[in-house]
Amino acid sequence: QVQLVESGGGLVQAGGSLRLSCAASGSILRVNAMDWYRRAPGKKRELVASITSGGYTDYEDSVSGRFTISRDNAKNTVYLQMNSLKPEDTAVYYCAAMIVRSGSQIEADYWGQGTQVTVSS
């Protein structure tokens, strides 16, 4: 079994910062791409940031320059440092990862349970 567990969400004032973490655990052979998504009330889920196993990153336009995605491959953990937060960043944030399980050659998509980020004005 493979699990992704997020932490670090909470309530912050506009202009503040939060750091989200997401740790993958279980029978893991390899973790490939890791992503952060978010879903705001009444809106569709959107991809916020991505990072490959080699460290290549990509960002949604509205967070570029404010958010930084990083990972610790030894810990199978991905982070999202969020600075200069705005009320429109309020959402449930989910991590996702493409993981190859031990004893398998197949890559599968795994998701965390989500963590709430609320930015007050």
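Computed from a predicted model, the values in this text were never measured in an experiment.

1. With respect to the state of the cysteines
Part 1: A full pass over the atoms with the stated rule returns 1 disulfide.
Part 2: Note that Cys22 is cross-linked by a disulfide to Cys95, the S-S spacing being 1.9 Å. Residues Cys22 and Cys95 are joined by a disulfide whose S-S torsion is about 45 degrees; by sign, that bridge is right-handed. One end of the pair, Cys22, is in strand 3 (residues 18-26); the other, Cys95, is in strand 9 (residues 91-101), and 73 residues separate them in sequence. The same class applies to Cys22 and to Cys95, which are both buried.

2. So, the sheet that holds strand 8 (residues 77-82)
Part 1: Taking strand neighbours across the sheet as the criterion, the 4 strands line up as 1-3-8-7 in an open arrangement whose pairing is antiparallel. A strand with exactly one partner marks an edge of an open sheet, and here the two such strands are strand 1 (2-7) and strand 7 (67-72). Strand-to-strand twist across the sheet, computed as the mean angle between neighbouring axes with direction ignored, equals 15 degrees.
Part 2: The pairing of strand 7 with strand 8 spans 6 bridges and is antiparallel. Looking across to strand 8, one finds that Ile69 is bridged to Leu80.

3. Describing unusual backbone geometry
Part 1: Of note, Asn76 is a non-glycine position whose phi angle comes to about 50 degrees, a positive value.
Part 2: If you trace the backbone, Asn76 turns up in the loop between strand 7 and strand 8.
Part 3: Overall, Asn76 belongs to the partly exposed group, its relative accessible area being 23%.
Part 4: If you check the backbone angles, Ser84 has positive phi at about 50 degrees while not being a glycine.
Part 5: Summarising the element assignment, Ser84 is placed in the loop between strand 8 and strand 9.

4. Quick notes on the nonpolar core
Part 1: Ranked by internal contacts, the top residues of the largest apolar core, which has 30 residues, are Leu4, Trp36, Leu80, Met82, Tyr93 and Ile99.
Part 2: Every element with two or more residues in this core is listed here: strand 1, strand 3, strand 4 (28-39), strand 5 (46-51), strand 7, strand 8, strand 9 and strand 11 (115-120).
Part 3: The element best represented in this core is strand 9, accounting for 5 residues.

5. Structural notes on the environment of Leu47
Part 1: Relative to the elements of secondary structure, Leu47 occurs in strand 5.
Part 2: With a relative accessible area of 36%, Leu47 lands in the partly exposed category.
Part 3: For the pair Leu47 and Asp58, spaced 11 residues apart in sequence, the C-alpha to C-alpha distance is 9.8 Å.
Part 4: Ignoring anything within four residues of it in the chain, the contact list for Leu47 reads Asp35, Trp36, Tyr37 and Glu60.

6. What about the packing of aromatic side chains?
Part 1: For the structure on display, the rule yields 1 aromatic pair.
Part 2: On the numbers, 4.8 Å between centres and 45 degrees between planes, the contact of Tyr37 with Trp111 is tilted. Placement of the pair is Tyr37 in strand 4 and Trp111 in strand 10 (residues 107-111), with a sequence separation of 74 residues.
Part 3: Among the residues examined, Tyr37 registers a relative accessible area of 18% and is labelled buried.
Part 4: Sitting above the plane of the Tyr79 ring, Arg19 keeps its charged end 4.1 Å from the centroid.
Part 5: Against the face of Tyr37 rests Arg45, its NZ or CZ located 5.2 Å from the ring centre.

What counts and how
Residues numbered from 1 in each chain as written. Predicted model: local features only at pLDDT ≥ 70, side-chain atom pairs only at ≥ 80, totals over all residues. Heavy atoms only, no water. Disulfide = S-S within 2.5 Å. Helix = DSSP H or I, 4+ residues; strand = E, 2+ residues; numbered from the N terminus. Buried < 20%, exposed > 50% of the residue type's maximum accessible area, 1.4 Å probe, protein only. Pairing = 2+ DSSP bridges. Axes fitted to C-alpha atoms, helices over the stretch in contact; angles between N-to-C directions. Core = buried A, V, L, I, M, F, W, Y, C linked by side-chain atoms within 4.5 Å. Contact = heavy atoms within 4.5 Å. Phe/Tyr/Trp six-rings, centres within 6.5 Å; stacked < 30°, edge-to-face > 60°. Lys NZ or Arg CZ within 6 Å of the ring centre and 35° of its normal.

By themselves, these are just geometric observations and shouldn't be taken as functional.
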